[in-house]
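Structural characterization, general
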Amino acid sequence: MNTMRLGWTLLYFLWEGAAIAALYAAVRRLVKGANERYLLACATLLLMVAAPVATWCLTAPQDTAMAARDQSARVPAVAPVPLPAMVRLEVPAVRQTPALRWVVAVWLLGASLLSLRMLGGWIMAARLRRQQVRVAPEEWTLKVDKLRQQLGVLRSVGLRVSSRVQSPLALGAWRPLILVPVGMLAGLPAEQVEALLVHELAHIRRHDYLVNLLQSVAEALLFYHPAVWWVSGHIRAEREHCCDDAAVAISGDVVGYVNALAELAAGGTTPLAVAANGGSLSERIARLLGGPRPAARKRGGLLAAVLVAAASFSLLAQETPRPSFQVASVKRNTVVNLRRKAISPKPGGQLAAENAPLLLLIQNAYHVQAYQVVGGPNWIQTDGYDIEAKPDRPATVQESLLMLQSLLADRFKLSLHRETKQLPVFAMGGAKGSFHPPAPKDATCGDQDGPPLPGTVPCGKVRISISPAGLQMDGGNAPMAEFVRVLAVAFNRPVIDETAFAGKLDVHLVFTPDDNLQGLPMPVPDEPARATDPNKPNIFAALQEQMGLKLTPSKGPVEVLVIDHVERPTAN
């Protein structure tokens, strides 16, 4: 009898769900705000879950009453007056339809498969937390904490860089964590990165991860009703709209945030995770820009979505053109054996370069290291150029570097794209747990903005000094991220910090040069070779002996710029 009762409960929900969906559609037309629409859709899905539960409960007394009535009919208290067979068997015959067993069997199969899918998504999300992730730079960790407080998120939120995600996403209901793809923190403007992080923090504040989990349970149990998926789709869409509104409210820049969404258009999402590129990006972009939304189209929905997305991206291209210099002079440097290679941003947005190869220009324009630039002819490293450039108005250093991107595209015909490649790296960890970071001593730390005084080291920075006697690396009160950056520059290879050290330290390393230091400038032909002292260790031994650090060659994901096309610059 319970199988029959369950079968009828499932069938009854076909019309119950349709009625609830019709009521939802009528009320939804009267609701305008994204948050109000979201709450309405959540309440509707909750009502859909409650409807079969109520049906199951209400049918129990009815079955008991029928059984009692049937028993009393067969054994009356007064006289044994037999009832017609068709009357006695009418209700049991209908309720015990054998086909209902197949209905229940199909439902159990579908619910089980979707439950396994949900379990797989949970396992995948759990693996994302700990596989191929590294600690984000300290400045972004502090920024997330500041934004968290600004949004009123009471729980601590972690920030990690992952090579397995293509867009930022939030994981966890009780221990929330934000994962960002490799290169996003350095590859996008800081304002856009902050807006995307606010989007994920809004998911955490609203407990969307937990809601999404419960939503997946409802979809697994009521999978056979199209109205459930329709309402559930609205929940996911309005959830993203609410977080978009929060990101725009904090950043105050709609177009900049839409640009960031466009950068994430190719990324995927993970089941049970809540990601910045969730939902229909074309609809979200059109909504933020105030244009027509693809969902409003009755016909040609897919074509309309594509057209709206294309129109949105075209609008972005028109409203946010890359800035460019008003006047720029690019000349090939013909001085023989000139060792100096420099790029100097000047006040007001002016830019000067002396004997700078194109590789160095790309590094500065796109905030990358030499090992992150892939492809191109050999002359991008050997030919030096002198550049004098002026904007049409005062500009910041960041704006002048964006103008440099335009200059490279215009004069060098440079085109490139970003990729993530598996490249040789150094994993840096404590040598058998012996890492002993030198405690910072403020007394020996010089002016952070000016040159260090005699007997002091640069404050908050790390530098490498080259002398005929060898090399030394010095820094005072410097964060670990700065130390790792200088090591990566010296090796011309990424260095992955696995020490989990979050404090600051003083650096004083003395070592002898060797072929491992590919990122340091090489002597010019007429310069004597650098002296190598056999009594001094190389960089690997110096790190282990003087700081207890060990570098292990490995491979890891590195975001690179791939040069698609480049030409020598045209004449002025």
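Refer to the structure printed above.
The following paragraphs examine the structure supplied in this document. (Residues numbered from 1 in each chain as written. Predicted model: local features only at pLDDT ≥ 70, side-chain atom pairs only at ≥ 80, totals over all residues. Heavy atoms only, no water.)

1. Some remarks on the overall build of the protein
When you go through the protein residue by residue, the secondary structure sums to 17 helices and 16 strands. Buried positions account for 43% of the 572 residues belonging to the protein. Accessible surface for the protein amounts to roughly 29800 Å². Of this, 59% is attributable to carbon and sulfur atoms. (Helix = DSSP H or I, 4+ residues; strand = E, 2+ residues; numbered from the N terminus. Buried < 20%, exposed > 50% of the residue type's maximum accessible area, 1.4 Å probe, protein only. Areas by Shrake-Rupley, 256 points an atom, 1.4 Å probe, with all protein chains shown as cover.)

2. A short note on a nonpolar patch on the surface
Together, Leu-109, Leu-113, Leu-116, Leu-119, Trp-122 and Ile-123 give the surface a local cluster of nonpolar side chains, amounting to about 620 Å² of exposed area. Relative to the helices and strands, Leu-116 is located in helix 4 (residues 99-130). (Patch = residues over 30% accessible without salt bridge, like charges linked within 9 Å, V, L, I, M, F, W, Y side chains within 5 Å. Salt bridge = Lys/Arg side-chain N within 4 Å of Asp/Glu carboxyl O.)

3. Here we look at the sheet that holds strand 16 (residues 549-565)
Strand order in this open sheet of four strands is 9-16-11-14, and the pairing throughout is mixed. Taken across any chain shown, the strands that pair with only one partner, and hence form the sheet edges, are strand 9 (373-374) and strand 14 (495-497). Across two bridges, strand 9 lies against strand 16 in parallel orientation. Looking at the pairing, Val-373 lines up with Leu-561 of strand 16. Across the sheet, helix 16 (residues 480-491) is in contact with strand 11 (415-430), strand 14 and strand 16; its angle to strand 14 comes to roughly 160°. Running at roughly 130° to strand 16, helix 17 (residues 539-547) makes contact with strand 11 and strand 16 of the sheet. (Pairing = 2+ DSSP bridges. Contact = heavy atoms within 4.5 Å. Axes fitted to C-alpha atoms, helices over the stretch in contact; angles between N-to-C directions.)

4. Here we look at helix 5 (residues 138-151)
Given a rise of 1.5 Å per residue, 14 residues ought to cover 20 Å, and the 20 Å separating the end C-alpha atoms of helix 5 matches this to within 8%. Within helix 5, burial applies to Trp-140, Val-144, Leu-147, Arg-148 and Leu-151. Around the axis of helix 5, the buried residues are gathered within 105° of arc, so they sit on the same side. In this structure, helix 5 carries Leu-142, Lys-146, Gln-149 and Gln-150 as exposed residues pointing more than 90 degrees from its buried face. Phi for Gly-152, located one or two positions after helix 5, is positive at around 85°. (Expected span 1.5 Å × (residues − 1). Arc of directions from axis to C-beta.)

5. With respect to the pattern of salt bridges
According to the stated counting rule, one finds 12 salt bridges in the structure shown. The shortest N-O distance in the salt bridge between Arg-568 and Asp-383 comes to 3.0 Å. Here Asp-383 lies in the loop between helix 14 (379-382) and strand 10 (384-390) and Arg-568 lies in the segment after strand 16, a separation of 185 residues in the sequence. The class of Asp-383 is buried, set by a relative accessible area of 6%. A network of salt bridges, in which partner residues are shared, links Arg-206, Asp-208 and Arg-239.

6. Regarding the state of the cysteines
The tally for this structure, following the rule as stated, stands at zero disulfides. Looking at Cys-243, it has no disulfide partner, and the nearest cysteine sulfur is the one in Cys-242, 6.7 Å off. (Disulfide = S-S within 2.5 Å.)

7. Brief notes about the sheet that holds strand 8 (residues 351-357)
Read from one edge of the open sheet, four strands run 6-10-8-7, paired in antiparallel fashion. The open sheet is flanked by strand 6 (327-332) and strand 7 (342-345), the only strands paired with a single partner. With strand direction ignored, the average angle separating the axes of adjacent strands in the sheet is 10°. Of the strand pairs in this sheet, strand 7 and strand 8 are connected by four bridges, and their pairing is antiparallel. Bridging from a neighbouring strand, Pro-345 pairs with Leu-351 of strand 8. Helix 13 (residues 358-366) rests against strand 7, strand 8 and strand 10 of the sheet, and its axis sits at about 135° to strand 8. Relative to the sheet, helix 15 (residues 397-411) contacts strand 6, strand 7, strand 8 and strand 10, its axis offset from that of strand 6 by approximately 60°.

8. Section: the packing of helix 16 against helix 17
Between helix 16 and helix 17, the least distance of the axes is 13 Å, while the angle of their chain directions is 160°. It follows from the interaxial angle that helix 16 and helix 17 lie roughly antiparallel. In contact with Phe-483, Leu-487 and Phe-491 of helix 16, helix 17 contributes Ile-539, Phe-540, Leu-543 and Met-547. A class-by-class count of the residues in the contact of helix 16 with helix 17 yields seven nonpolar, no polar and no charged. (Parallel < 35°, antiparallel > 145°, perpendicular 65-115°, else oblique. Nonpolar A, V, L, I, M, F, W, Y, C, P; charged D, E, K, R; others polar.)

9. Quick notes on unusual backbone geometry
Of note, the phi angle at His-367 is positive, near 60°, even though the residue is not glycine. Residue position: His-367 is located in the loop between helix 13 and strand 9. Judged by its relative accessible area of 39%, His-367 is partly exposed. In the Ramachandran plot, Asn-492 falls in the positive-phi region, its phi being about 55° despite a non-glycine side chain. By secondary structure assignment, the location of Asn-492 is in the loop between helix 16 and strand 14.

10. Notes on the side chain of Thr-499
Within the element layout of this structure, Thr-499 appears in the loop between strand 14 and strand 15 (504-511). Reaching out from Thr-499, the side chain makes a polar contact with the side chain of Asp-497 at a distance of 2.6 Å. Among residues more than four places away in sequence, those in contact with Thr-499 are Met-428, Gly-429, Gly-430, Phe-435, Met-480 and Leu-549. (Polar contact = N/O pair within 3.5 Å; in protein donor to acceptor, adjacent residues only side chain to side chain.)

11. Comments concerning the environment of Lys-555
Mapped onto the secondary structure, Lys-555 falls in strand 16. Here Lys-555 falls in the exposed class, since its relative accessible area comes to 60%. As for Lys-555 and Pro-494, which are separated by 61 residues in sequence, their C-alpha atoms are 9.5 Å apart.

12. Structural notes on the nonpolar core
Met-428, Met-473, Phe-483, Leu-487, Val-495, Leu-509 and Leu-543 are the most contacted members of the largest nonpolar core, which totals 33 residues. Every element with two or more residues in this core is listed here: strand 11, strand 13 (470-479), helix 16, strand 15, helix 17 and strand 16. Ignoring any residue separated from it by four or fewer positions in sequence, one finds Val-495 in contact with Phe-426, Met-428, Val-484, Leu-487, Ala-488 and Leu-551. Residues Leu-196, Ile-204, Tyr-257 and Ile-285 belong to the second largest nonpolar core, which totals 31 residues. (Core = buried A, V, L, I, M, F, W, Y, C linked by side-chain atoms within 4.5 Å.)

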